[in-house]
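Survey of secondary and tertiary structure
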Amino acid sequence: MIPELGQAVLIVALGLALYGSAAAGIAGARGRAMLLQSAQHAAVGVFALLGAALALLTYAFLTFDFSVRYVASNTNLGTPFYYRITAVWGALEGSIILWGSMLALYTVIVILTQRERARQFYPWVLAVMLGVLAFFLLVMTVAAPPFQRQSPVPADGRGLNPLLEDTGMITHPVALYLGFTGFTVPFAFAIAALVTGRVGEAWITLTRRWTIIAWYFLSLGLLIGGWWSYHVLGWGGYWAWDPVENAAFMPWLTGTALLHSVMIQERRRMLKLWNLALVILTFSLTLFGTFLTRSGVIASVHAFTQGAIGAFFLGFLALVVLGSLALLAWRWEALRGVGQLDSVVSRESAFLLNNVLLVAAAFTVFFGTVFPLLSEAVRGVKVSVGAPFFNQVNVPLFLSLIFLMGVGPLIAWRRASTENLRRNFVGPILVGVAAAALFFALGVRSALATLSLALAVFVTATIALDLVRATRARLRSGESAPRAMVELLVRHNRRYGGFIVHLGILVIALGVTGSQAWSVQTETTLRQGEVAQLAGYRIRFDGLAGSQESNHFRVVGHFTVTNGRATPAVMRPAKKFYPQESSPIAGVDYHLGLREDLYVVLGDFARDGSQATIKVQVNRLVSWIWIGGLVLTLGAALAILPERRRFA
Amino acid sequence: MNKHAKFLVGGAVIAVALAYMIYAGVTQSAVYFVTPSEIQAAPIRGKSYRLGGLVTPGSLRWEPRTLDLAFTLTDGKASIPVRHKGTPPDLFGEGRGAVVEGTWSADGHFKATLILAKHSEEYKAPHDGGDAGYRDLIKSLQKPRS
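In this report, the structure presented in the accompanying data block is examined. (Residues numbered from 1 in each chain as written. Chains lettered and ligands numbered in written order. Predicted model: local features only at pLDDT ≥ 70, side-chain atom pairs only at ≥ 80, totals over all residues. Heavy atoms only, no water.)

**Structural notes on the packing of helix α10 (residues 243-268) of chain A against helix α11 (residues 272-294) of chain A**
All names here are of chain A. Going by this rule: To get an axis, a line is fitted to the C-alpha atoms, and for a helix only the part in contact is used. The angle between two axes follows their N-to-C directions and goes from 0 to 180 degrees. Segments assigned H or I by DSSP are reported as helices when at least four residues long, segments assigned E as strands when at least two residues long, and all are numbered from the N terminus. Small angles under 35 degrees read as roughly parallel and large ones over 145 as roughly antiparallel, with 65 to 115 read as roughly perpendicular and the rest as oblique. Note on convention: the crossing is left-handed when the near helix lies turned anticlockwise from the far helix by less than a right angle, right-handed when the turn is clockwise.
In contact at an axis separation of 9 Å, α10 and α11 are set at 165° when each is read in the N-to-C sense. Viewed along their axes, α10 and α11 adopt a mutual orientation that is roughly antiparallel. Our pair here, α10 against α11, has a crossing hand that is left-handed.

Set out below in structure tokens:
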């Protein structure tokens, strides 16, 4: 009964979304207020129905309704309560419902906040958002129905993919999807701007905070994904340039470009076409990412026709891209920029270069990800490029971007005078060079690490310089120092929020640089009582123990770790055997630290507990990646506060 | 040089640099997918391959003390001896599919630097008694430690 209800709810929601989209569109074209009202009601209805569908699916999981195929494939009687809830979005069907729910949530917030503010765009925004919702509801009802029954009903389900039994799986998909779907809002405004011909600055001012929110959640989703990869997968890394990761990283890169390029349009009325194109590109990449990861097209070229879902996404993607291009062509005349670049040495140029580099990075990631498809189509050989390709091409781009992060916010608009350059950059450059010398003196011999860290110091110095100068200016007007700082952050929240986000990125860069340059590892087999040594740690193997958990059997290794400084610690890396899985899953044990993490993975072992093979890693500075995420959160929160500049 | 020319030159420099980086990146890190028959027909030393096949039952040799792993990968027509230094990954086993990355060695074996074992998404009824190894393992480990 419940599954049929769920199915019906989704079909009604699809009908409402289609109706609402059409009604809002007609309201936009003809200006019918009644029709717009009714479209709003439809949107609220879709939101409520999707919420209900999510609740019904959760209910089916909590009550072990194995007659529902999706429930049976992703849970079993042993799955703990907590993970029965996360299992709801543990696979394709449920994750599409989650996606739709997030999008419906954004739609309702747009209705609540933009109805009056953005009157001229609003009907079209609503039409586009409901149109996108209708597509996802179509996927839910036709291509990947979550409530599909199966018979015979199995006595027990297959169980959740053990790798997903992790707390990160609550937050990771939610954050990622809030990021993905969040970009629908600026996209809808961009389309509304094109349709109405109001391609000026209005749509950008209205969507600025939406873009930051979407960007922030996407960043958070990527970081939590990295944390999951690091502490669950047991290979000791946080980023593998896997197609799934790349799929989320591409819209992040173009979204980052967008955050910067809109400032040029706001200030100088340039780049109208470029900004619209970036929004459309970012939104398309969120769809492309889903297509890439859900259709199986990359894992195996020939699996293309297996699922209808790939064809759905490809079709919708084509519709979005071609429709947007047609609109851009239609409004071509109006898209000419008013201002023009005055000088190569200016803030406009720095931002433009930042955009070029970010889009270039997105392109290389795209190229590398689809390379196997390209090479097979063009040359008939299956060739792939792995992490070395992505690192080799992107490291110079990212280092250049970090450099620009220091230049962009301080260099003058229009044309930077020699005086402006001297005043803003001589100090920070000297600090950066001094830092490089210091790192060398401290024994850093990797040129790449030195460059990366020195650049980070340079950027930090530019931010400090700006802050000190602005605070001093306020001190002169008689404010106390702490008050002056707080006032600055609040009054110029957008600028200083941006600076804090930049600091967050620098902290993440520190973590990435440190872990790439200085991490060490070893792999060895120990008999009971034997000791492995790595980077000052002594790891003694004391034995194995087994225990039966609710849904798996666990083999735990006991290791005593000493490093000469602290008291001995016990580490318990494990191997988890799930009856439904043909292979065991590693349970990593780790000690996190600011300087380094000790990371132990249990590999092979003798059944009698006499011997175990372990992989030990000392991963340097990795924790700073997660700390950088927190800094980034603070900055983003500050940046989305309403602006109170000048007259507050 | 006027302003427009400067921007054009700047853009061209970036485009050329990017194209070169991509070209160099691809040529240096391209990995060719091959089957055991294909590599047996034309092995090229020094080239990076991803070799995919089935781990021949009975061919697996694992020396925990030295971390030496040896097995053969087959596609039914050809069998290629593979050697690797390190613990076999969790999803790796005889009779299962595996992809190894590495190079062809002078003395006629494939030297793997990385083993990728593919996760099977197949539905398997749990607790069906078919997984004797699992129960066996639980039994042997639940015995009190000496």
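**Some remarks on the nonpolar core**
Filter applied, for reference: Residue types Ala, Val, Leu, Ile, Met, Phe, Trp, Tyr and Cys, when buried and joined through side-chain atoms within 4.5 Å, form a set referred to as a nonpolar core. Buried, partly exposed and exposed residues are distinguished by accessible area as a fraction of the type maximum, computed with a 1.4 Å probe on protein chains only: under 20%, between the cut-offs, and over 50%, respectively.
Judged by nonpolar contacts, the single largest core of 201 residues is most densely connected at Phe136 of chain A together with Phe110 of chain B. Here the element with the most residues in this core is helix α6 (residues 122-143) of chain A; it accounts for 16 residues. Phe553, Phe577, Phe605 and Val616 of chain A belong to the second-largest nonpolar core, a separate cluster that totals 21 residues.

**Here we look at the pattern of salt bridges**
Residues and elements named next belong to chain A. Under the convention used in this document: Here, a salt bridge means any Lys or Arg side-chain nitrogen found within 4 Å of an Asp or Glu carboxyl oxygen.
Under the defined criterion, the tally for this structure stands at 19 salt bridges over all chains. The salt bridge partner of Glu266 is Arg494, with a shortest N-O separation of 2.7 Å. With Glu266 in helix α10 and Arg494 in helix α18 (residues 493-518), the pair connects residues that are 228 residues apart, well separated along the chain. Given a relative accessible area of 28%, Glu266 falls into the partly exposed group. For Asp342, the salt bridge goes to Arg268, with nearest N and O atoms at 3.4 Å. In this pair, Asp342 is assigned in the loop between α12 (308-330) and α13 (347-379) and Arg268 in helix α10, connecting sequence segments 74 residues apart.

**A short note on the interface of chain A and chain B**
The extent of an interface is frequently quoted as the accessible surface area lost upon association of the parts. Here is the rule we go by: The criterion used for residue contact is that any of the two residues' heavy atoms lie within 4.5 Å. Accessible area, probed at 1.4 Å, shrinks when two parts are joined; the buried area is that loss added up over both.
The interface of chain A with chain B comprises 59 residues on the first partner and 44 residues on the second. With both sides pooled, the region where chain A packs onto chain B buries about 4,500 Å², and carbon together with sulfur makes up 60% of that total. By the criterion of area lost to chain B, the three top residues of chain A are Arg158, Pro579 and Arg607 of chain A, representing 14% of everything that side buries. Across the contact surface, chain A and chain B share one salt bridge. In this structure, Arg65 of chain B and Glu530 of chain A form a salt bridge, with 3.1 Å as the shortest nitrogen-oxygen distance.

**Some points on unusual backbone geometry**
Residues and elements named next belong to chain A. Cis geometry is adopted by the peptide bond preceding Pro152, which originates at Ser151 and carries an omega value of 5°. Assignment of secondary structure puts Pro152 in the loop between α6 and α7 (168-182). A positive phi angle is found at Leu271, which is not glycine, with a value near 65°. With respect to the helices, strands and loops of the structure, Leu271 is situated in the loop between α10 and α11.

**What about the sheet that holds strand β2 (residues 520-527) of chain A?**
Residues and elements named next belong to chain A. Rules: Each pair of strands is called paired provided DSSP finds at least two bridges between the two strands.
One open sheet holds the four strands; their spatial order is β2-β11-β10-β9, and the pairing between them is antiparallel. In the strand order of this sheet, the two ends are held by β2 and β9 (589-591), each with one partner. Neighbour-to-neighbour, the strand axes of the sheet open up by a mean angle of 20°, direction not taken into account. Across eight bridges, β2 lies against strand β11 (residues 611-620) in antiparallel orientation. Bridging from a neighbouring strand, Thr525 pairs with Thr613 of β11.

Interpretation in functional terms is not warranted from these geometric data alone.
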